[in-house]
Amino acid sequence: MALLLMAVLLQACDTDLYTDLDEREANLLVATLARSGVPAKRHADDEGRMTVTVDEDHFADAVDILDRAGLPEHQFANMGDVFQGNGLVSSPVQEKAQMIYALSQELSHTVSQIDGVLSSRVHVVLPDNDLLRGDSTPSSASVFVRYLPSLDINPLIPRIKTLVANGIAGLTYDKVSVVTVASKISEPVNEARQPMMSTFLGIAMPAPSVSRAWWLFGTLIAAIIVLLTVVGWLIWQRRRQQPYELAAPP
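Because the structure is a prediction, the values reported are computed rather than measured.

A.B. asks: Tell me about the sheet that holds strand S1 (residues 14–21), and please be specific about residues and values.
C.D. replies: In a beta sheet, neighbouring strands pair by backbone hydrogen bonds and run either parallel or antiparallel. A sheet is described by the order of its strands in space; here three strands give the open sequence S1-S3-S2, paired in antiparallel fashion. Both edges of this open sheet fall to S1 and strand S2 (40–44), since each of them pairs with a single strand only. Between one strand axis and the next, the sheet turns through 25° on average, direction left out of account. Where S1 and strand S3 (residues 50–55) come together, five bridges link them in antiparallel fashion. Of the residues in S3, the one forming a bridge with Asp 14 is Asp 55. Contacts between helix H2 (residues 23–35) and the sheet are confined to S1, S2 and S3, with S2 contributing the most and set at about 165° to the helix.

Structure below.
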């Protein structure tokens, strides 16, 4: 009963934050939350995929912190994923659609690696140009970038346009447009030095100390239950022996 009570106290408040992660992603999420004062745990399933859990009271804070950090990272398809052999003959239209999608994914992944960029999307347009006609339409691309408010995005725009233009054959610098949007989520201020506070039975304390407090509280409750059980058993044994002691001859 004591062990069951401890398990309920320690596990009942945990909730899944993200599931089906690899080990690197889970470690990155747990480390990021720990630096911000939010304790998190990771668990592996039978197939080796990881699940990150946090205390239910810290769920909203954990989601907010990871969103500011751009985590978990968006999974982009690469060329190999897009052009996997399916045993069928692809039509020219299908091959072109696959090429556009692959280019968009590869470039979006590259732009998202810039420090301060939370997410990015690259939309590529490759028109059907007839070589026999002289009025061909040039290729074009549109780039969407969502970034942290602290990042000075203006010096990066020409570099992003150059990166995208050089990554697509037939695309020129002036045919690349970049739309930037600053995130409305405020950035943390000295979160590593100012850990988040939480409460334990009405007592305010740093969030990482709450789990240890529950451990100590659960151990104390278990010890009290064991002590009361032993004392009750001794009293019961003593009372059973008293009638025999009174009836014994002098």
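What follows continues from the structure just given.
A.B. asks: Please provide a residue-by-residue account of empty space enclosed by the protein, values included.
C.D. replies: Counted by the stated rule, this structure contains one cavity of 30 Å³ or more. Of the pockets and cavities examined, the largest cavity occupies roughly 30 Å³. Considering the residues around the largest cavity, the lining is formed by Arg 24, Glu 25, Leu 28, Leu 29, Leu 71, Pro 72 and Glu 73. When the residues that make up the lining of the largest cavity are grouped by side-chain class, the tally is four nonpolar, no polar and three charged.

A.B. asks: Would you mind going over H2 in detail, with residue names and values included?
C.D. replies: Taking 1.5 Å per residue, 13 residues should reach 18 Å; H2 reaches 18 Å between its end C-alpha atoms and fits that length. Listed as buried for H2 are Glu 25, Ala 26, Leu 29, Val 30, Thr 32 and Leu 33. The arc that holds every buried residue of H2, seen down its axis, measures 160°, which confines them to one face. Among the exposed residues of H2, those pointing more than 90 degrees away from its buried face are Arg 24, Ala 34 and Arg 35. Residues of H2 that are buried in the fold lie against S1, S2, S3 and helix H3 (59–68). The N-cap of H2, judged by a side-chain oxygen 3.2 Å from the amide nitrogen of Arg 24 a few residues on, is Asp 22.

A.B. asks: Let's hear about the pairing of strand S5 (residues 140–147): which residues, and what values?
C.D. replies: Burial along S5 is one-sided: the face carrying Ala 141, Val 143, Val 145 and Tyr 147 is buried and the face carrying Ser 140, Ser 142, Phe 144 and Arg 146 is not. Sheet topology note: the strand S4 (residues 117–125)/S5 ladder contains eight bridges and is antiparallel. Directly across from Ser 120, in S5, lies its bridge partner Val 145. For S5 and strand S6 (residues 176–182), the ladder comprises seven bridges, and the chain directions are parallel.

A.B. asks: Explain the layout of surface pockets to me, using residue names and the numbers behind them.
C.D. replies: Of the pockets and cavities examined, the largest pocket occupies roughly 700 Å³. Along the walls of the largest pocket sit 32 residues, with Ala 69, Gly 70, Leu 71, Glu 73 and Leu 118 positioned nearest its centre. Listed by contribution, the elements that provide at least two residues to the lining of the largest pocket are H2, H3, helix H5 (92–112) and S4. Within the lining of the largest pocket, the residues separate by chemical class into 12 nonpolar, 10 polar and 10 charged. Split by domain, the lining of the largest pocket shows at least three residues from each of two domains, domain 1 (12–69) and domain 2 (79–182).

A.B. asks: Could you give an account of the UniProt feature "transmembrane region" (unreviewed entry) in the protein, naming the residues involved and the relevant values?
C.D. replies: The sites that UniProt annotates as "transmembrane region" (unreviewed entry) are residues 213–236. Helix makes up 100% of residues 213–236 and strand 0%, and the two end C-alpha atoms of the span are 34 Å apart.

A.B. asks: I'd like a description of the pattern of salt bridges, backed by residues and values.
C.D. replies: In the structure shown here, the tally under the stated rule is one salt bridge. Where Arg 49 meets Asp 20, a salt bridge forms, and the shortest distance between an N and an O atom there is 2.9 Å. With Arg 49 in the loop between S2 and S3 and Asp 20 in strand S1, this pair connects stretches of sequence that are 29 residues apart. Using a relative accessible area of 51% as the deciding quantity, one classes Asp 20 as exposed.

A.B. asks: Please provide a residue-by-residue account of the sheet that holds S5, values included.
C.D. replies: The mixed open sheet is built from three strands, whose spatial order is S4-S5-S6. Whereas interior strands pair on both sides, the edge strands pair on one side only; in this sheet they are S4 and S6. Adjacent strand axes in the sheet meet at a mean angle of 15°, parallel and antiparallel pairs treated alike. Strands S4, S5 and S6 of the sheet are contacted by helix H6 (residues 156–167), whose axis makes an angle of about 135° with S6.

A.B. asks: Can you explain H6? Please cite residues and give values.
C.D. replies: The first and last C-alpha atoms of H6 sit 16 Å apart over 12 residues, in line with the 16 Å expected at 1.5 Å per residue. Residues Leu 156, Ile 160, Lys 161, Val 164 and Ala 165 constitute the buried set of H6. Looking straight down H6, one finds its buried side chains confined to an arc of 165°; they lie on one side. Along H6, exposed side chains directed more than 90 degrees from the buried face belong to Arg 159 and Asn 166.

Each value, and the rule that gives it
Residues numbered from 1 in each chain as written. Predicted model: local features only at pLDDT ≥ 70, side-chain atom pairs only at ≥ 80, totals over all residues. Heavy atoms only, no water. Pairing = 2+ DSSP bridges. Helix = DSSP H or I, 4+ residues; strand = E, 2+ residues; numbered from the N terminus. Axes fitted to C-alpha atoms, helices over the stretch in contact; angles between N-to-C directions. Contact = heavy atoms within 4.5 Å. 1 Å grid on protein atoms, 1.4 Å probe; cavity = no way out; pocket = protein on both sides within 12 Å on 5 of 7 lines; lining within 4 Å. Points joined across faces, edges and corners; volume = space filled by probe spheres on them. Nonpolar A, V, L, I, M, F, W, Y, C, P; charged D, E, K, R; others polar. Expected span 1.5 Å × (residues − 1). Buried < 20%, exposed > 50% of the residue type's maximum accessible area, 1.4 Å probe, protein only. Arc of directions from axis to C-beta. Polar contact = N/O pair within 3.5 Å; in protein donor to acceptor, adjacent residues only side chain to side chain. Domains from an automatic or database assignment. UniProt positions renumbered as here; feature names shortened; annotations may be inferred. Salt bridge = Lys/Arg side-chain N within 4 Å of Asp/Glu carboxyl O.

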